[in-house]
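# Chains, contacts and geometry: an overview
If you want the building blocks of each chain, they are given just below.
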Amino acid sequence: MDLFKMKSLVFFLSVFGCCAASPLPAGPLDGVLGKNVTFQTILGPTESFLTIVWSFNPGPEAPLVPVISVSPKGETVGAGYKGRVSINSTTGVMILGPLEAKDSGDYAISLMDWSGRSKAGEIKLRVLADHHGVQSL
């Protein structure tokens, strides 16, 4: 089964959630242009998942963009993310980079455990310019 064909399910779960707390910390998440950013999860140490899907939500009228997914059949990386994304198949933690300005926006995660229960969440990524030599007052 191609996990990226489950766009409707992922969208539904990321927008409406499912009976459980979000698996993501409160956002937004800030990253620096040209650097890597880590999307942390807040999952229990004993939780185990059959599938983990990360998607980018470009806006209300656009379809979700697949970023990366993992299942028993392996890992699938979406176009535009090859060589720039990795995932921990146990924790769902995703690392993206080097960041580009177009990476700013909303990211959704959908996880399904071995009994069919799911968790979903969304977090906003803000890609900030790297101001070398600028000091805060």
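Parameters at a glance
- Residues numbered from 1 in each chain as written.
- Predicted model: local features only at pLDDT ≥ 70, side-chain atom pairs only at ≥ 80, totals over all residues.
- Heavy atoms only, no water.
- Core = buried A, V, L, I, M, F, W, Y, C linked by side-chain atoms within 4.5 Å.
- Buried < 20%, exposed > 50% of the residue type's maximum accessible area, 1.4 Å probe, protein only.
- Helix = DSSP H or I, 4+ residues; strand = E, 2+ residues; numbered from the N terminus.
- Contact = heavy atoms within 4.5 Å.
- Pairing = 2+ DSSP bridges.
- Axes fitted to C-alpha atoms, helices over the stretch in contact; angles between N-to-C directions.

Take the nonpolar core next. Nonpolar side chains in soluble globular proteins tend to be buried together. Ranked by size, the top nonpolar core spans 25 residues in total, and within it Phe39, Trp54, Val67, Leu96, Tyr107 and Leu125 carry the most contacts. Contributions of two or more residues to this core are made by β2 (37-39), β3 (49-57), β4 (65-71), β6 (85-87), β7 (94-96), β8 (105-113) and β9 (118-128). Per-element tally for this core: the top contributor is β3, with four residues. With residues up to four places along the chain from it excluded, the contact list for Phe39 reads Leu29, Trp54, Val93, Met94, Leu96, Tyr107, Ile123 and Leu125.

Take the sheet that holds β7 next. Pairing in this open sheet of three strands is antiparallel, and the strands run β2-β7-β6 from one edge to the other. The open sheet has two free edges, formed respectively by β2 and β6, since each of these has just one partner strand. On average, each strand axis in the sheet is tilted by 20 degrees relative to the strand beside it, whichever way the strands run. Bridge count for β6 against β7 is three bridges, and the pairing is antiparallel. In the strand pairing of β7, Ser86 is matched with Ile95.

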